[in-house]
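# Observations on chain architecture
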Amino acid sequence: MFSNQSNFVGRLALIATFVCFGLATSAISNAPSNLYRKIPASLDGIGKTYMGREIAQVMGWQGAQWLERDEREREERGDLLLRELALKPGMDVMDVGAGTGYYSRRIASLIKPTGTIFAIDVQPEMVEMLNVVAKQPAFANVKPILGTEKSVALADGVADLAIMVDVYHELEFPGEMLASITRALRPGGRVVFVEYRAEDPHVPIKALHKMSEAQIRREAAQNGLIWERTANTLPWQHVVIFKTK
């Protein structure tokens, strides 16, 4: 993801099991097929566009150590992000693309004692890491979920908020996934996109792993989400917040 990214050797990745689970896909699709296009793949893309944006390659579970890097807090200021979310005890939250649980762990402590954090990932190896987290008493309210490329694999109306941190630009089926997220939210629930700012050339991230605010808002509107506000308090990332109808 970094423009000068080196090979990753993850201590958390060592606990992952090499299981080959068949990922089911949802038959439900709210995304018109003409919003997707096949193109020659760029170096960091998958050769498929959505609303004119090439979808980026997924960072594999082998990069787990990067998600837990010591400098992440300084680079991303997660404390400021959590403040923007206005989390309260008792809220139920989806962490979509949770990875190693970097943010799931932090959210878990803020929504105790009755709130649940649904830590969702499509990579079985990442879910294995999340299972290790969930077994710790301090994170008993973390619920790991193996999602699919099109679904968060949750029932309708179970969460108050969904957050995607540096994830949405890698979703292979963004339209279908947003539809699934929206269904899993309660009325008036919020969807929070956290993406590296494409408008800022000084953000040292590869181009396909950035998104402009305008593009985020176009794609969210396609799925009926209502823009609430955009916070630019983080050093490198947008925090773009939407509500469901």
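Here the structure is shown first, and the text comes after it.
### Focus on the packing of aromatic side chains
- Applying the stated criterion to the full structure yields 6 aromatic pairs.
- Measuring from ring centre to ring centre gives 6.2 Å for Tyr-36 and Phe-173, while their planes differ by 70 degrees; the resulting arrangement is edge-to-face. Linking Tyr-36 in strand E1 (residues 36-38) with Phe-173 in the loop between strand E7 (159-165) and helix H6 (174-184), this pair joins segments that are 137 residues apart in sequence.
- Note on Tyr-36: relative accessible area 13%, which makes it buried.
- A residue is classified by how much of its surface remains accessible, and Phe-173, at 18% relative accessible area, is buried.
- Aromatic pair Tyr-168 and Phe-193: ring centres 5.0 Å apart, planes at 80 degrees, arrangement edge-to-face. In this pair, Tyr-168 is assigned in the loop between E7 and H6 and Phe-193 in strand E8 (residues 185-197), connecting sequence segments 25 residues apart.
- Residue Tyr-168 is classed as buried on the basis of its relative accessible area of 0%.
- What links up through ring pairs into an aromatic cluster is the set Tyr-36, Tyr-50 and Phe-173.

### Considerations on the pattern of salt bridges
- Going through the model one piece at a time under the given rule, you end up with 10 salt bridges.
- Of the charged contacts, one joins Asp-92 and Arg-186 as a salt bridge, the two residues approaching to 3.0 Å between their closest N and O atoms. Placement of Asp-92 in the loop between helix H3 (78-85) and strand E4 (93-96) and of Arg-186 in strand E8 is noted, with a sequence separation of 94 residues between them.
- Look at Arg-186 and you get partly exposed, because its relative accessible area is 28%.

### Notes on the nonpolar core
- Residues Met-94, Val-152, Met-164, Ile-181 and Phe-193 are the most contacted members of the largest nonpolar core, which totals 31 residues.
- When residues no more than four places from it in sequence are discounted, the contact partners of Phe-193 are Met-164, Tyr-168, Leu-178, Ile-216, Ala-220, Leu-225, His-238, Val-239, Val-240 and Phe-242.
- In terms of nonpolar packing, the next biggest core, distinct from the first, is built from 28 residues, Ala-98, Ala-108, Ile-163 and Val-192 among them.

### Here's the deal with H3
- Most of H3 is tucked away: 6 of the 8 residues are buried.
- Within H3, the full set of buried residues consists of Gly-78, Leu-80, Leu-81, Leu-82, Glu-84 and Leu-85.
- Where the residues of H3 are buried, they touch helix H2 (72-76), helix H4 (102-111), E7, E8, strand E10 (226-231) and strand E11 (237-243).
- Just beyond H3, the residue with positive phi is Ala-86, at close to 50 degrees.

### Details of the environment of Arg-72
- Mapped onto the fold, Arg-72 is located in helix H2.
- Exposure remark for Arg-72: the relative accessible area of 5% places this residue in the buried category.
- With 30 residues separating them in the primary sequence, Arg-72 and Tyr-102 have C-alpha atoms 9.9 Å apart.
- Setting aside chain neighbours within four positions, we find Arg-72 in contact with Leu-67, Arg-77, Tyr-102, Tyr-103, Val-165 and Asp-166.

### Quick look at the pairing of strand E6 (residues 142-146)
- Where strand E5 (residues 117-121) lies against E6, 5 bridges are found, and the strand directions are parallel. Pairing of Asp-121 across the sheet is with Leu-146, part of E6.
- For the handedness criterion, the β-α-β arrangement of E5, helix H5 (residues 124-134) and E6 is classed as right-handed.

### Details of the sheet that holds strand E3 (residues 53-56)
- Spatially, E1-E2-E3 is the arrangement adopted by the 3 strands of the open sheet, whose pairing is antiparallel. Bordering the open sheet on either side are E1 and E3, each of which pairs with just one other strand. Between one strand axis and the next, the sheet turns by 40 degrees as a mean value, whatever way the strands run.
- Bridge count between strand E2 (residues 45-50) and E3: 3 bridges; the pairing is antiparallel.

About the cut-offs
Residues numbered from 1 in each chain as written. Predicted model: local features only at pLDDT ≥ 70, side-chain atom pairs only at ≥ 80, totals over all residues. Heavy atoms only, no water. Phe/Tyr/Trp six-rings, centres within 6.5 Å; stacked < 30°, edge-to-face > 60°. Helix = DSSP H or I, 4+ residues; strand = E, 2+ residues; numbered from the N terminus. Buried < 20%, exposed > 50% of the residue type's maximum accessible area, 1.4 Å probe, protein only. Salt bridge = Lys/Arg side-chain N within 4 Å of Asp/Glu carboxyl O. Core = buried A, V, L, I, M, F, W, Y, C linked by side-chain atoms within 4.5 Å. Contact = heavy atoms within 4.5 Å. Pairing = 2+ DSSP bridges. Right-handed = clockwise from strand over helix to strand, strands pointing away. Axes fitted to C-alpha atoms, helices over the stretch in contact; angles between N-to-C directions.

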